[in-house]
Structure formats: structure tokens, C-alpha cells
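Remarks on the overall topology
Spelled out, the chains give:
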Amino acid sequence: MQNVDRIETEPQETGRWREFNSWIERNFNYECYITYLSGCYSCKWEAKQKEPRRPLCCCSLIDQLFYPWLIAAFCLTVLLLFVWIESSNEYNGFNWVVFLGTGVWFFWSLVLLSLFWILAIYTSFLLALGLLLCWEGRELSLHWCHKVLILLVVGICSFFFWLLFTYWKERWLTIGLSLQVFAPYIHLGSISMMVMVAWPVAFYVIHLEGEGMSRGWNLRNKRALQVAVVLPFFLILLCLYVVPWGNHSPCIQEKDKLGPKPSFFGHRGAPMLGPENTMMSFEKAVEEGAFGLESDVQISYDKVPFLMHDYNLRRTTNIMEVLPNASLRNPTVFYWDFLSTLNAGRWFSHSWIRPFYHMKPLSEADREKASKQKIPKLMELLKLAQREKKLVIFDLNAPPPRHPARYSYIHLVVSEILDSQIEQHLIAWLPGSERDYIKDRAPGFQHVGTFYTLEELAKQNITRINVDYKRLYYNGLREYKAANISINLYIINEPWLFSLAWCSRIQSVTTDNIQVLNKINHPYYFMTPNFYILMWILLDCASAVFIVAIFYFHWWRESQSEKVLKGISSYAGKVRGLMDSHLFIPTHCLRIQGFPLMFLTRVQGV
């Protein structure tokens with residue numbers, strides 16, 4: 001009985017603790033957890049008992065070879081999703097290109113975005129399941145259905161990357177621009193992410209001490225594995241600590257060096273507020289404070305300049321109702337008497353699919369006004385610009401062969417502009433043909449170039465250029481700004497891109513989203529160098545403290561576990577002696593440093 005008295009006992013659990021423990025056992029059952037992991041990964045839903053840990057190499061050779069394919073699929077889907085999210089400024093143009101091929105207007109860009117999200121979530125889920133199974137020492141046996149889907153995902157991603165590299169190479173410039181804007185935040189966010197990564201790294205490295213001893217590893221193998229895990233972690237952390245990723249971001253500069261806010265050219269007016277290339281759209285752009293109005297000019301068969309962008313009338317008029325057999329014909333083959341009868345606004349106001357997915361609903365008055373819009377003449381736009389003192393810039397499309405104005409369309413448009421009595425300095429002449437004739441006939445026009453060399457611009461006496469916003473990637477167009485060339489970027493709809501243009505001291509932008517961008521009073525993601533350095537240093541210090549604390553906590557917990565195991569061995573020997581002496585002790589009353597006797601005897605093999 002003296003031996004029995006020396007055994008530590010615990011009072012019975014209170015009702016609250018008994019209820020809490022039963023709740024844990026009911027909701028956090030290890031067998032259910034392993035069954036769920038294995039079922040989702042390998043479609044084997046048999047209940048799994050807790051087994052000794054096994055190395056990863058215990059799985060079949062096919063599964064060992066296939067797991068890198070899963071990792072590759074995960075990387076491809078995440079990269080593709082990132083590229084498409086950062087290309088959101090191009091969504092409307094992409095929808096228009098698909099419309100040209102299919103004849104159906106829909107948010108095809110959002111369909112792709114949803115597809116890429118689904119693929120990224122699916123591969124992330126499988127990868128996480130595989131890592132958890134490895135963590136639990138379970139065999140990796142991916143179901144054949146998942147294997148087929150993974151190969152299909154790799155094929156889909158490869159196809160879309162091929163399309164990007166072949167037909168949409170400049171999309172990669174958009175990614176570079178986004179990195180310029182978000183580099184400081186990616187830098188600071190990566191430091192925070194390393195703090196979270198430090199938890200599993202510290203757990204594995206510290207736990208490896210005891211694990212190596214139990215498996216009989218020699219000291220060299222154990223240290224080599226620890227170094228292989230810790231060294232890359234600390235090298236990445238050191239790089240984040242000492243390398244200022246955001247130093248080259250245009251949005252990091254002193255406040256007094258920030259240029260004025262860029263002015264706006266309304267792209268086909270304000271196409272989110274009124275039907276594009278209609279008088280309602282241009283009037284809305286004027287109301288929103290547009291500096292200039294941008295449009296597209298074509299010539300009717302009877303030589304009347306009018307406003308239309310597309311190569312046919314299907315998308316923006318009711319030609320399918322009026323003359324469906326001619327819906328695919330070029331607008332320039334029709335007489336103005338017919339074009340003037342078409343409705344150019346009902347598609348915008350009454351269609352269940354809006355032209356822009358994030359545009360606000362129209363008021364009842366605007367819906368009524370939009371539904372009555374017609375195709376306007378160039379003369380109507382010029383009169384509005386003269387009245388409101390707005391600059392006019394337009395693309396001039398050459399008529400097709402055998403058109404009556406095929407060789408005289410430039411002279412025809414210049415005569416139309418001069419007849420409108422608009423002040424010549426309000427015309428930003430963009431077409432590159434017959435500039436000598438234009439300078440002689442209308443010397444007051446402002447000539448606008450494209451991505452010409454500085455020598456060509458100087459030769460033609462051009463002081464303004466109109467270029468794609470992706471050209472900003474090339475040194476921020478620094479050489480043009482140094483030569484006092486005014487720069488207009490098209491087409492900028494996203495606030496982060498507009499903020500980048502503002503920080504880069506761009507004079508004007510062409511936009512569909514004037515109602516949103518005009519309300520931005522300060523560039524997004526802007527910070528001063530001193531503030532960036534301060535946040536960088538503070539985050540470095542805080543993360544270093546947290547990482548040291550995490551490693552210390554795991555070391556302390558591992559050392560406590562070793563002490564408990566030593567205590568278990570000692571007490572288990574005493575219990576074995578008592579059982580050998582045929583003493584009866586209720587096992588539900590015995591507790592050794594918080595561990596039930598039945599658990600201890602199972603550990604010791606009794």
C-alpha cells in the first residue's frame with residue numbers, strides 16, 4: 001500500500017472540463033481528420049487509425065513522380081490568375097475582340113477570371129492536402145481522376161500562356177507596371193509572410209532534434225537536414241531585410257515633387273454614362289470635367305463624316321432589327337440618310353448585358369435619353385467642343401477600296417472641321433498622313449504623334465504624343481519628358497494605373513472611367529521615401545523579435561516534452577512494478593503529470 005500512496009493522483013474532473021474534453025473528442029477526432037484528408041486526396045474513405053509516421057518514399061513511384069506535376073500546376077494557375085487580375089484594365093478590349101469573332105457580347109474576361117480562380121483553388125486544395133498527408137506521415141496516393149484533371153489543368157494553362165506569348169505579348173508590360181506600383185507593399189507584406197512561415201520552419205527544425213534521435217540518425221545527417229531547411233529561410237529573410245524593393249517605384253517620392261493631376265480625354269465620350277460615340281456620351285464627359293473628347297471618325301458612302309468605332313454596326317446600333325442581312329457590312333458603305341435612322345443607344349440602356357461590368361445603373365431619365373440616341377455627325381461633336389472649349393482628338397479610318405472618298409477623306413475631314421468654325425487650336429490632329437497639307441491648310445491645329453523617335457518629332461515640330469499606357473514601362477518615357485514633349489496615355493481605366501501615370505508626371509490620359517478617376521484627389525499607393533524607410537525598419541525589427549520568439553517557443557516546448565517523456569518512463573516503470581505485484585489500481589483515477597495511465601502503459605508497451 002505504501003507503493004500505491006506514492007503514485008500521483010488527481011481529483012475527478014469538474015463538469016465544465018469533462019464537457020469541454022468530450023467536445024474536443026467529438027469534434028476533433030484524429031481518425032475523422034485523416035479519413036477526410038485521404039478521402040479528398042485519394043478517394044479512399046476508409047477510417048484510418050493512428051499509425052507510426054512513415055517517410056514520403058513509401059508511396060509508389062508513380063505518385064512520387066506525379067507530385068511535381070501537382071506543384072507545377074499550382075504554380076502555373078497562380079501565375080496565370082495573377083497575370084489576368086493585373087490585366088483588368090484590358091477587360092473591355094478583350095471582350096470586344098471576342099465579340100468580333102463570336103458576334104456575341106458578353107463579359108468573356110470575367111468568364112476567364114472565374115475559370116482561373118477555380119483552377120487555382122483546386123490545385124491549391126490538392127497541394128495543401130498532400131502537404132498535410134506528408135506532415136502526418138501518410139502515403140500519397142492521388143486518385144487517377146485527380147491526376148487526369150491535373151494534367152488537363154497544366155494543358156489549359158500552357159495553352160493560355162502560349163496565347164499570351166504569341167498574340168498578347170505586351171500584357172507582360174502591364175505586370176511590370178503593377179510591380180512598380182505595388183513593389184513597396186509586396187516588400188513589406190513579404191516580411192510579414194516570413195513571420196508566418198517561421199512557425200512551421202521552427203517546428204520542423206526543433207522537432208528534428210528529437211525525431212533524429214528516435215530514428216537513429218547520425219549527427220551529420222541531422223545537421224545537414226536542418227541547414228537545408230533553415231538556410232534558404234534566413235537567406236530570403238536577409239534579402240528582405242536589406243534590399244529596398246520599392247526604391248524604383250514612381251509612387252515613392254517627396255510630396256513637393258509630385259506633378260499636377262493629369263487631365264482627361266473622354267474615350268468616345270463617357271461610355272459608362274452614355275452610349276459610346278453619341279452626343280449624350282460626350283455631354284456626360286463634359287459634365288465630368290473632361291479636358292478633351294476622343295472619338296473615331298468614318299466617312300459614309302455619300303461623303304459625310306460620322307462617329308463610329310466598329311467595323312460593322314451590330315454592337316452599337318439596331319441594324320439587326322432593321323437590316324439583318326447587311327449587319328456585317330462596313331459602316332462606310334451606307335448612305336448617311338440610312339445611318340441617321342439607326343438607333344445607337346437602345347443597346348446601352350435596355351440590354352441585360354451592360355457594356356462595362358462595373359458601371360453604375362442608369363437613372364430613369366438617362367435610360368430614356370440613351371434609348372433615343374442616334375449616330376452623330378462629326379460636325380455635331382465639333383460644335384459641342386467649340387461651345388465648351390474642349391480639345392478634340394480622333395482616329396480617322398480610311399474608307400475601303402472603291403469608296404468615293406478613298407483618296408480624299410483627309411481633305412474632306414479638314415474641310416468639315418474648318419466649316420464648323422471651331423478654333424483651330426482645339427483640334428489635336430492625330431492621323432499621320434499628309435501632315436504637310438494639314439499644316440498649310442490649317443496651321444493652328446495641334447499635331448500629335450505616336451511613339452516616334454525624338455528626331456522624328458523634332459523634324460515634324462510635334463510637341464505632343466499619344467501612346468499606349470504600356471509604353472510607360474520603358475523608363476517612364478523619361479526621354480520624352482526631358483524634351484518637353486506632352487504625353488497622353490490611352491486607355492487608362494484602373495485607379496492604380498492612373499495613380500502610376502500621376503506619379504510619373506504624365507500630362508493627360510484617355511479613359512472610359514472618367515467619373516471615377518476624376519474623383520481621385522491624390523494618387524493611390526503614394527508614400528514618401530522617409531515613410532517607406534521608417535515602415536521598413538520598424539517591420540524588420542518587429543519581425544525579427546517575433547521570429548526569435550517563435551524559435552524560442554518551439555525550443556522551450558520541445559525541451560518540456562523531453563522532460564515529460566523522461567517522467568513517463570520513470571513512472572511507467574513504477575506502474576509496471578505495481579502491476580507485477582498484483583496490486584489493483586483504478587486506471588481512471590491515475591494521472592502522471594497530466595497523462596492517463598492507460599496512455600502511459602500503451603507508450604511503454606505494457
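Residue numbers restart at each chain and count upward from 1, following the sequence in its written direction. Owing to the predicted nature of the model, reporting of local features is limited to residues with pLDDT of at least 70; listing and counting of side-chain atom pairs is limited to 80 or more, with chain, interface and lining totals taken over all residues. With hydrogens and water stripped out, all remaining heavy atoms of the structure feed into the side-chain values.

Brief notes about the overall build of the protein
Selection criterion: By the criteria applied, helices consist of DSSP H or I runs no shorter than four residues and strands consist of E runs no shorter than two, each listed in order from the N terminus. Think of it in three bands: with a 1.4 Å probe and only protein chains considered, a residue is buried below 20% of the maximum accessible area for its type, exposed above 50%, and partly exposed in between. Here a residue-residue contact requires only that any non-hydrogen atoms of the pair lie within 4.5 Å. Note on areas: these come from Shrake-Rupley sampling with a 1.4 Å probe, and a residue is covered only by the protein chains present in the view.
Assigned secondary structure in the protein consists of 23 helices and 11 strands. Looking at the protein as a whole, 46% of its 606 residues are labelled buried. Taking the intrachain contacts of the protein between residues at least 6 apart in sequence as the baseline, contacts between residues at least 24 apart amount to 68%. Carbon together with sulfur atoms contributes 62% to the accessible area of the protein, which is approximately 32200 Å² in total.

Describing the layout of surface pockets
Put simply, the test is: Buriedness for pockets is judged along seven lines, at least five of which must meet protein on both sides within 12 Å for an open set on the 1 Å grid over protein atoms alone, while cavities are sets there where a 1.4 Å probe fits but cannot get out, and lining residues have an atom within 4 Å of a point. Grid points are joined across faces, edges and corners, and a volume is the space filled by probe spheres set on the points.
There is about 1100 Å³ of room inside the second largest pocket. Secondary-structure elements contributing two or more residues to the lining of the second largest pocket are α4 (61–86), α5 (91–102), α6 (108–135), α7 (144–167), β2 (292–299), β4 (391–396) and β7 (464–468). Counting residues per element, the lining of the second largest pocket draws most heavily on α5, which supplies 6 residues.

Regarding the pattern of salt bridges
Formally: Salt bridges are defined by distance alone: a side-chain nitrogen of Lys or Arg within 4 Å of a carboxyl oxygen of Asp or Glu.
For the structure on display, the rule yields 11 salt bridges. Residue Glu 276 pairs with Arg 315 through a salt bridge whose shortest N-O separation is 2.8 Å. Separated by 39 residues along the polypeptide, Glu 276 in the loop between β1 (263–267) and α10 (279–287) and Arg 315 in the loop between β3 (305–307) and α11 (319–322) bring together distant segments of the chain. Just as Glu 276 is buried, Arg 315 falls in that class too. Where Lys 284 meets Asp 366, a salt bridge forms, and the shortest distance between an N and an O atom there is 3.2 Å. You can see Lys 284 sitting in helix α10 and its partner Asp 366 sitting in helix α14 (residues 364–370), a full 82 residues away along the chain. Each member of the pair Lys 284 and Asp 366 is classed as buried. The network of salt bridges with shared partners includes Arg 268, Glu 276, Asp 296, Asp 310 and Arg 315.

Looking at the packing of aromatic side chains
Note the cut-off: The criterion for an aromatic pair is that two Phe, Tyr or Trp rings (for Trp, the six-membered ring) have centres within 6.5 Å, with stacked assigned to planes under 30 degrees apart, edge-to-face to planes over 60 apart and tilted to the rest. Placement of a positive charge over a ring is assigned whenever Lys NZ or Arg CZ falls within 6 Å of the ring centre and within 35 degrees of the normal to the ring plane.
Evaluated as defined, the whole model comprises 36 aromatic pairs. Residues Trp 429 and Phe 445 carry aromatic rings whose centres are separated by 5.9 Å and whose planes lie at 25° to one another, so their mutual orientation is stacked. On the criterion of sequence distance, the pair formed by Trp 429 in strand β5 (residues 427–429) and Phe 445 in the loop between α17 (435–441) and β6 (446–449) is long-range, its members being 16 residues apart. Neither residue differs from the other here; Trp 429 and Phe 445 are each classed as buried. For the pair Tyr 552 and Trp 555, a centre-to-centre distance of 5.7 Å together with 35° between the ring planes defines the contact as tilted. Placement of both Tyr 552 and Trp 555 in helix α22 (residues 529–580) is noted, with a separation of 3 residues, approximately one turn of the helix. Overall, the relative accessible area of 47% leaves Trp 555 in the partly exposed class. A connected cluster of aromatic rings, assembled from ring pairs, spans Trp 84, Tyr 91, Phe 94, Phe 106, Phe 107, Trp 108, Phe 116, Phe 159, Phe 160, Trp 162, Tyr 167 and Tyr 357. One residue, Arg 329, lies across the ring of Phe 334, its end atom 5.5 Å from the ring centre. Cation over ring: Arg 471 sits above Phe 451, and NZ or CZ is 4.4 Å from the ring centre.

Some words on unusual backbone geometry
Following Tyr 490, the chain continues into Ile 491 via a peptide bond in cis, with omega recorded as -25°. Positive phi outside glycine occurs at Lys 303, with the angle close to 70°. One can find Lys 303 in the loop between β2 and β3. With phi around 55°, Lys 389 is a residue other than glycine that occupies positive phi space. With respect to the element layout, Lys 389 can be found in the loop between α15 (378–388) and β4.

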